[in-house]
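Chains, contacts and geometry: an overview
Each chain, written out:
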Amino acid sequence: CALQINKKGKRPCDRNKMKLPNFHAGLYIVDPGFDGPVDSTFPSLPLQSVDVEAKLVDVAVEVTITQRFISGSAAPVETIFAFPVDEGAAVCAFEAQIGSRTIVGLVKEKIEAQMEYDAAIRQGKTASLLSEVKADVFQLRLGNIPPLQTVLVRTTYVTEVKAEGDAVRFLLPTTVAPRYTPAGSEAVPSGPSAVAGGEWGLQLTLEAEMQSPILSVTSPSHAVTSKTGESASIATITLTDGRMVFDKDITILVRTADPHQPRVCIEEDAGGSGARAAMVTLCPNIELDDKRCEVVFIVDRSGSMAGSQITQARSALQLFLRSLPATSYFNIIGFGSRHEVLWPQSVQYSPETLATASRHAETLQANLGGTELLRPLAALAAMPLVPGHSRQVFVLTDGQVSNTEDVVANVQAQAATARYFALGIGNGVSHHLVEGIARAGKGTAQFVAANERLEAKVIGQLKAALQPALTDVTIDWGIPPAAEVGTTVKSLLGYKKPDPSTLLRYTQAPFVLPPVFSGSKFTAFALLAPDAPLPTQVTVTAQSPDGPLEVTLPVLAAEVYHGNIVHRLAARTLIRDLEESVSYLHRGRSRAPTDAEVKAEVVRLGTTYNLASKHTSFLAVDPAAPAVAPPRMMPAPPAPDTGMKGLTSSWFARTGAAATLSADGGGFRYDENQNRWVSQDVEQVCNVMKQSIDQVLARGERLDNLMDRSECLSNQAMSFQTRSSSLKHRMGVASVVGNVASGVGGAFSSLASGVAGLFGGGGASAAPPPPSTTAAPPPPPASACYDNASRPTPKPAASSRRRNASLDRAPAPTGKPSSSWSNNEEDDDDLLGELADLETADEISATMSAPLGGAFDNGLGKEREAMEQQDKELQRMAEEARELNELAREMGGALE
């Protein structure tokens, strides 16, 4: 609903009044080269089961998802589906098993991978392409799936887990909610993923290995069962009911006895390359004095917030309001397609202003249309700051919008004067938007699922906003810089101070460290150079209002592992820095990097660490024999009397009936092992033929109507040109009239000629008609050029309606020839009377050109645009008609 309505710039759907499509998860079958959104009308390979295996080790988790489908098609098909991942996830492995064969994905540059995939599909090979749409949405194409095969799609990613109180929060996204698409933005594929979205068997096994004993395992979204392993710090967690409707993300909280212990770990590459990566994580507990704040709440009131989301937003806002300090200033902005501000600027907190805001919060409804978040952000930036108060902004939203990058960039531009916090509300929240706002705004992000208690999260975020954060964070990784290479002689003619960054033997991620908040987990990574020594300790330093604070953490021998999880998390963080323009290429350099340089670095990281990203994709191609032979052209037999005309090769590709030529060239025959498919599909062929004939007849009627309307509009344009020329001759001073009218008439005449030529001689240009020796008949009234479904020409503005009356009025069908038709003397006299009052010829010309230009732009210009669209539609339908004619012609020969 959001994609198909909002993409056209219309009002978003009201979910209380409009029933959303009943999607079901599956591999949706598409035509080759299809690259648009799918919906429930597409055929699919239904999802049979899902198996999720996850390994949680303290703060990082590796997730492998296996989806099982069955192809019931009698022919090879191409499929597509979108699936969600955690916003910070690094998708690091992909493979597909079709029948007994397995194809493994390799990371390549995105355009290169797309070209190789298309080439493999044309060659009839089974291939797959996994690409990133957004940081939290991926799309898989799987082409040339052989008939009647079981398909297993296996995807692996690694990600961090968030701290939530004294627990860590494991999240398994299951759906991609429809996202509002503002004008100029690219739509995001929506609908349920192949992880969930309907009622299937789902087996989830989460192996948790924590640093301290596990006290409890709970889930605010689903019932779970936990079993303790070899020690109290190890547990196996599964879903209690493996067959249920999964219409929301799966969330599991693991609470430990000694949570969030600071640690440093070193990971050595499991492949034996000698590469090493480091990770430091800590969760500080700091008590600082509150500061004076201006707090602004930006509340999502778009249609997607209807139901429990807007109820939770109201509850969260009321809790925020009643928890503000008495020294605060505050304001409320609600947004949708438009935005509403409670006060023109923030007001001081008092019993009166609190009562006003509370009453306003009670009445909030999801009734402001689409999710246009940039407008309230711009309105907030224009509001004056409160002297002596730091601005803290809270965004309460479900995040269902597609222009995430624009929103994040806008927040980043305001980060110098405002700190942003984001609260994601409801199921199917866009974690990419919520986390992106908090990251760019140097704040924190929290999420509240449907029916989940929100008090602790609201109070925690408000506490973080009121207290100063620890800023200017730096890390000493305990690795000395490399020695300077080259001459050390400082010559006036040849000395250049070395760049300190070139001497570092590690790459830090994120490059710019975020602020540290009390109770929030802080994590940073470093990719070590091959010649870097193993560090013995790591020191983290941050600035507070009371001076610098630091902690030194030792590197224990037990914290050195073999694997690739830390490497990939570090590389994924570096890629995110590059995409958000805060990387080592963007900071500390004399010039900003070019887009090509950024892309090249993303491709290097993606291919080195086997990660899908904005510029890299997974490609897997089966090197074996093609799943289906490339289609062979066959001669069309003579058309039988019945008019049924054979099957095209594309039909055989869809149904699996392999069309070949006999060895002696004697005509058309089937491969023997394909005959059973032909016999099964005879009835289907007949139905297709009947539908094709009906479509041809219906489209023929539409084409006739469009041609009639085109001819009618052309006649009107010629009449308009005749009257305008006459008026130009009588006036003598406003030559612009004839120029504009000639352009209008010429445009319509050319358009009408193009439409008529489209149907002349099977698409060839029709010969021009002979000159007429008789007067042209009068054009019909304007209403005759439109059917009930067409929109009339817009009326001119009130200020120019009288002046344009003689030009806008439709000619009356009097039967007179066109040469004597222009006799609206009363209107012409009015026009001449007005022109006589003007003082100069320049004023006359300007006065004439403005309304005529307006008439052209507002009226005929739009009609011309509509005709151009009709012209394109006519060409498309003519092409389809020719294809259908060829199809019908070949069907007869095939059945015969």
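Just so it is clear, the structure is predicted and the values come from calculations on it, not from any experiment.

Criteria and thresholds
- Residues numbered from 1 in each chain as written.
- Predicted model: local features only at pLDDT ≥ 70, side-chain atom pairs only at ≥ 80, totals over all residues.
- Heavy atoms only, no water.
- Helix = DSSP H or I, 4+ residues; strand = E, 2+ residues; numbered from the N terminus.
- Buried < 20%, exposed > 50% of the residue type's maximum accessible area, 1.4 Å probe, protein only.
- Contact = heavy atoms within 4.5 Å.
- Areas by Shrake-Rupley, 256 points an atom, 1.4 Å probe, with all protein chains shown as cover.
- Core = buried A, V, L, I, M, F, W, Y, C linked by side-chain atoms within 4.5 Å.
- Pairing = 2+ DSSP bridges.
- Axes fitted to C-alpha atoms, helices over the stretch in contact; angles between N-to-C directions.
- Expected span 1.5 Å × (residues − 1).
- Arc of directions from axis to C-beta.
- Polar contact = N/O pair within 3.5 Å; in protein donor to acceptor, adjacent residues only side chain to side chain.
- Parallel < 35°, antiparallel > 145°, perpendicular 65-115°, else oblique.
- Left-handed = near helix turned anticlockwise from the far one by under 90°.
- Phe/Tyr/Trp six-rings, centres within 6.5 Å; stacked < 30°, edge-to-face > 60°.

A word on the overall build of the protein. Summing up its helical and strand segments, the protein has 17 helices and 39 strands in all. Counting only residues that meet the buried cut, the protein has 50% of its 896 residues in that class. Considering only contacts within the protein whose residues lie at least 6 apart along the sequence, 74% involve residues at least 24 apart. Total accessible area on the protein stands at roughly 41700 Å², and carbon and sulfur atoms take up 52% of it.

Quick look at the nonpolar core now. Core analysis: the biggest nonpolar cluster contains 50 residues, and Leu56, Val63 and Ile252 have the highest contact counts within it. Of all the elements, strand 2 (residues 44-57) adds the most residues to this core, at six residues. Not counting residues up to four positions away in its chain, the partners in contact with valine 63 are Val52, Glu53, Ala54, Thr155, Thr156, Tyr157, Phe170 and Leu172.

In this section: unusual backbone geometry. For the bond from alanine 509 to proline 510, the omega torsion is 0°, close enough to zero to count as cis. Structurally, the position occupied by proline 510 is in the loop between strand 31 (506-509) and strand 32 (522-528). Notably, leucine 148 is not glycine yet its phi reads approximately 55°, a positive angle. Tracing the chain through its elements places leucine 148 in the loop between strand 9 (137-145) and strand 10 (150-160). On the accessibility criterion, leucine 148 (57% relative accessible area) is exposed. Even without a glycine there, the phi angle at histidine 260 is positive, about 55°. Relative to the helices and strands, histidine 260 resides in the loop between strand 20 (250-256) and strand 21 (263-269).

On the basis of which strands lie adjacent, the open sheet formed by three strands has the order 30-33-34 and antiparallel pairing. At either end of the open sheet lies a strand with only one pairing partner, and these are strand 30 (471-476) and strand 34 (547-554). The sheet shows a mean angle of 15° between the axes of neighbouring strands, taken without regard to direction. Pairing analysis gives four bridges linking strand 30 to strand 33 (residues 537-544), with the strands arranged antiparallel.

Here helix 2 (residues 110-122) spans 19 Å end to end across 13 residues, near enough to the 18 Å set by a 1.5 Å rise per residue. For helix 2, the full list of buried residues reads Ala113, Tyr117, Ala120 and Ile121. All buried residues of helix 2 lie within an arc of 100° about the axis, which places them on one face of the element. In this structure, helix 2 carries Ile111, Met115 and Arg122 as exposed residues pointing more than 90 degrees from its buried face. The inward-facing, buried residues of helix 2 contact strand 4 (77-84), strand 7 (106-109), strand 8 (127-134), strand 9 and strand 36 (616-621). Of the residues that open helix 2, the one with a side-chain oxygen 3.1 Å from the backbone nitrogen of isoleucine 111 is glutamate 109. One or two residues past the end of helix 2 sits glycine 124, with phi positive at roughly 85°.

Before going further, it helps to examine the environment of alanine 571. Positionally, alanine 571 belongs in helix 9 (residues 565-579). Residues alanine 571 and alanine 526, 45 residues apart in the sequence, show an inter-C-alpha distance of 9.2 Å. Apart from the residues lying within four places of it in its own chain, the contact partners of alanine 571 are Leu605, Tyr609 and Leu611.

At a closest axis distance of 8 Å, the pairing of helix 6 (residues 404-413) and helix 7 (residues 431-440) adopts a crossing angle of 20°. Considering their axes alone, helix 6 and helix 7 lie roughly parallel with respect to each other. In this structure, helix 6 crosses over helix 7, and the sense of that crossing is right-handed. Where helix 6 approaches helix 7, its residues Thr404, Glu405, Val407, Val408, Val411 and Gln412 are matched on the opposing element by His432, Leu433, Gly436, Ile437 and Ala440.

Enumeration over the complete set of coordinates arrives at eleven aromatic pairs. The interplanar angle of 65° and the centroid separation of 5.7 Å between the aromatic rings of phenylalanine 330 and tyrosine 349 together place this pair among those described as edge-to-face. Separated by 19 residues along the polypeptide, phenylalanine 330 in strand 24 (residues 329-335) and tyrosine 349 in the loop between strand 26 (347-348) and helix 4 (351-362) bring together distant segments of the chain. Using a relative accessible area of 0% as the deciding quantity, one classes phenylalanine 330 as buried. Owing to a relative accessible area of 14%, tyrosine 349 belongs among the buried residues under this scheme. Plain terms: the ring middles of tryptophan 477 and tyrosine 506 are 6.5 Å apart, the flat faces sit at 55° to each other, and that makes the pair tilted. Of the two residues, tryptophan 477 sits in the loop between strand 30 and strand 31 while tyrosine 506 sits in strand 31, which places them 29 residues apart along the sequence. What makes tryptophan 477 buried here is its relative accessible area of 1%. With relative accessibility at 17%, the residue tyrosine 506 sits in the buried group.

Pairing is mixed in the open sheet, where five strands are placed in the order 31-32-22-21-35. If you trace the sheet from one side to the other, it starts and ends with strand 31 and strand 35 (560-563), each paired once. Across this sheet, the average inter-strand angle for adjacent strands is 25°, counted without regard to direction. Looking at chain direction, strand 22 (residues 276-282) and strand 32 are connected through seven bridges and run antiparallel. Along strand 32, the bridge assignment pairs methionine 279 with phenylalanine 525. Across the sheet, helix 9 lies against strand 21, strand 22, strand 31, strand 32 and strand 35, angled at about 100° from strand 32, the strand it touches most.

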